[in-house]
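Listed here are the chains, written in short residue letters.
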Amino acid sequence: MSKKHTQGRVAFATVVGTSIEWYDYFLYAAASGLIFNQLFFGPLGSTLSTMVAFATVGISFLFRPLGAFLAGHYGDKLGRRVVLIITLIAMGAATALIGFLPTYESIGIAAPILLIVLRIIQGISAGGEWGGAVLLAVEHAEVKHRGLRGSFPQIGVSIGLILSSGVLALMTVIAPGEAFLEWGWRVPFFLSILLVAVGYWIRRGVEESPVFHEIAERKEQVTNPLGKLLKNHWLLVILASLVFVGNNAAGYMTTGGYIQNYATDSAGSVGLERGPVLWAVSASAVSWLIFTIVAGSVSDKIGRKNTYLLGWALLLIGIFSLFPLVNTGSIWMLFLGLVILTVGLGFTYGQQPAMYAEIFPSSVRFSGVSVSYAIGSILGGAFAPTIAKALVSATGTTTSVAFYLAIMTVIALIATLLLRDRSGMPLGPDHEEEQSVSPIIGVRS
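Rules behind the numbers
- Residues numbered from 1 in each chain as written.
- Predicted model: local features only at pLDDT ≥ 70, side-chain atom pairs only at ≥ 80, totals over all residues.
- Heavy atoms only, no water.
- UniProt positions renumbered as here; feature names shortened; annotations may be inferred.
- Helix = DSSP H or I, 4+ residues; strand = E, 2+ residues; numbered from the N terminus.
- Rg over C-alpha atoms; globule rule 2.2 N^0.38 Å.
- Areas by Shrake-Rupley, 256 points an atom, 1.4 Å probe, with all protein chains shown as cover.
- Salt bridge = Lys/Arg side-chain N within 4 Å of Asp/Glu carboxyl O.
- Buried < 20%, exposed > 50% of the residue type's maximum accessible area, 1.4 Å probe, protein only.
- Phe/Tyr/Trp six-rings, centres within 6.5 Å; stacked < 30°, edge-to-face > 60°.
- Core = buried A, V, L, I, M, F, W, Y, C linked by side-chain atoms within 4.5 Å.
- Expected span 1.5 Å × (residues − 1).
- Bend = angle between axes of the 7 residues up to and from the residue.
- Axes fitted to C-alpha atoms, helices over the stretch in contact; angles between N-to-C directions.
- Parallel < 35°, antiparallel > 145°, perpendicular 65-115°, else oblique.
- Left-handed = near helix turned anticlockwise from the far one by under 90°.
- Contact = heavy atoms within 4.5 Å.

Going by an unreviewed UniProt entry, the chain carries the name Sugar phosphate permease and comes from Brevibacterium sandarakinum. In its Subcellular location (unreviewed entry) section, the UniProt record describing the chain reads: "Cell membrane".

Right, here's the structure in full:
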């Protein structure tokens with residue numbers, strides 16, 4: 001099989017696999033503010049039930065590091081591919097089981113407890129998925145196309161958002177009104193069974209990363225990669241995590257279900273219909289997908305760091321444009337606000353796999369990228385919808401949310417400035433010594 005054909009197959013497999021995983025993950029997030037707040041947490045009252053439902057979205061993030069630790073440990077020892085198959089099956093099984101759950105009205109407190117347990121399984125799976133998928137893509141890529149190839153698994157986020165919002169929107173048409181709350185919402189969760197079967201079949205046919213093949217042939221797998229990572233690269237893990245917080249906090253305004261809930265709240269100032277809002281979110285995800293790929297490609301030309309700096313500026317524009325447009329009460333203005341936001345989201349996400357892979361040595365790379373991503377997601381998006389809901393409740397204005405997101409973006413900007421650009425760094429184990437030199441400005445290895 002030619003190298004070009006192998007790269008194409010890997011790209012396709014990582015896109016399909018991550019799209020399915022994020023479909024499952026975002027489906028829960030969207031349902032939390034539209035469905036679960038009513039069917040599983042309804043007795044708490046309108047505002048508190050929504051805050052608690054959003055909090056369950058965040059709880060899963062607390063278990064992402066566990067998934068990252070396990071996946072990183074075994075991914076650096078056993079390979080990337082086997083870990084990806086396990087995370088795909090675990091995520092799909094948890095999602096499908098949510099569709100079968102009785103509601104609070106049927107089994108009382110057991111319903112939300114079971115819901116949270118299944119969400120935790122989703123969190124563990126998500127923590128292990130990302131690192132393996134991006135390393136398969138990046139480590140198979142040619143140096144000159146590393147940013148572009150690395151952006152392919154990233155668009156799984158956008159595709160997952162398109163699918164989850166789109167299927168929910170379709171079900172509001174097929175099962176309108178009360179029928180949607182009675183049974184319509186369950187269908188998208190059942191669909192996960194079919195999607196996971198397709199993903200499993202595709203991932204089984206993907207070759208292992210050439211970097212890991214080389215490590216295995218040399219018998220140079222580290223016995224405790226996580227321990228080595230935290231001992232030698234703990235500060236790098238912190239900075240890499242902080243780079244992600246700005247994008248993740250802003251992104252979870254849609255992927256975490258906040259905008260969907262805010263814009264459709266009948267007691268709020270916007271009061272749009274559920275279906276059009278879901279369609280607008282799905283359509284804006286197409287823009288996010290496009291700018292994610294563009295950012296990956298641009299980073300191959302101007303470097304990862306410069307692309308990030310451009311992205312943070314664009315993201316700040318999007319953050320301060322979003323709520324003024326949403327608050328007009330026009331579905332088209334809401335869509336415009338989301339599209340403007342996705343420009344910055346794409347330009348702070350497409351280059352991330354290549355950048356992460358280039359700053360960690362090959363022997364601990366899976367652990368490094370997985371743990372950094374997991375911690376960044378906790379600090380960034382985990383409780384962003386809950387925080388946004390609490391800020392609006394306390395201040396009565398969405399301006400407070402915009403400043404919260406801006407602060408997170410500035411933190412990410414500072415972390416980016418503290419890291420050297422290592423675009424084009426050789427990724428193979430024969431360059432371990434060069435890779436181990438700290439990429440942190442002012443720090444000597």
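Right, picking up where we left off after that structure.
(A) Main features of the overall build of the chain. For the chain, the count of helices and strands is 21 helices and zero strands. The C-alpha radius of gyration of the chain comes to 21 Å, within 12% of the 22 Å expected for a compact globule of 445 residues. Dimensions of the chain, computed from the C-alpha atoms along their principal axes, are close to 60 × 40 × 40 Å. About 16100 Å² of surface is accessible on the chain, with carbon and sulfur atoms providing 69% of the total.

(B) The pattern of salt bridges, seen in detail. For the coordinates displayed, the defined rule picks out five salt bridges. In this structure, R146 and E358 form a salt bridge, with 2.9 Å as the shortest nitrogen-oxygen distance. Taken together, the positions of R146 in helix α7 (residues 146-174) and E358 in helix α17 (residues 352-359) put the pair 212 residues apart, joining distant regions of the chain. Both residues of the pair, R146 and E358, count as buried. Among the ionic pairs, R304 bridges to E358, the shortest N-O distance being 2.9 Å. Of the two residues, R304 is situated in helix α15 (residues 304-326) and E358 in helix α17; the sequence distance between them amounts to 54 residues. Like R304, the residue E358 is buried in the burial classification. Each of the salt bridges in this network shares a partner with another, and the network as a whole consists of R146, D300, R304 and E358.

(C) Fine view of the packing of aromatic side chains. Tallied over the full model, the rule gives 25 aromatic pairs. Ring centres of Y25 and F61 lie 5.9 Å apart, and the angle between their planes is 65°; this geometry places the pair in the edge-to-face category. Of this pair, Y25 sits in helix α1 (residues 3-39) while F61 sits in helix α2 (residues 46-62), and the two are 36 residues apart along the sequence. Of the two residues, Y25 and F61, neither departs from the other in class, the shared state being buried.

(D) Inspection of the nonpolar core at higher detail. Formed by 113 residues in total, the largest nonpolar core has its most connected members in I35, F36, F40, W185, M253 and Y258. Among the nonpolar cores identified, the runner-up in size contains five residues, and A11, V15, I155 and L289 belong to it.

(E) Main features of the environment of G166. In this structure, G166 sits in helix α7. Residue G166 is classed as buried on the basis of its relative accessible area of 13%. The spatial distance from the C-alpha of G166 to the C-alpha of G275 is 9.2 Å, given a sequence separation of 109 residues.

(F) Inspection of helix α12 (residues 234-251) at higher detail. Its 18 residues place the ends of α12 26 Å apart at the C-alpha level, agreeing with the 26 Å of an ideal helix rising 1.5 Å per residue. The axis of α12 is deflected most strongly, by about 35°, at V245. Extensive coverage of α12 is indicated by the burial of 14 of its 18 residues.

(G) Summary view of the packing of α2 against helix α19 (residues 384-395). Interaxial distance between α2 and α19 falls to 8 Å at its minimum, and their mutual angle equals 155°. It follows that α2 is roughly antiparallel to α19 by the angle criterion. Regarding α2 and α19, the two cross each other, and that crossing is left-handed. Contacts between α2 and α19 involve T47, T50, M51, F54 and A55 from the first element and P385, T386, K389 and A390 from the second.

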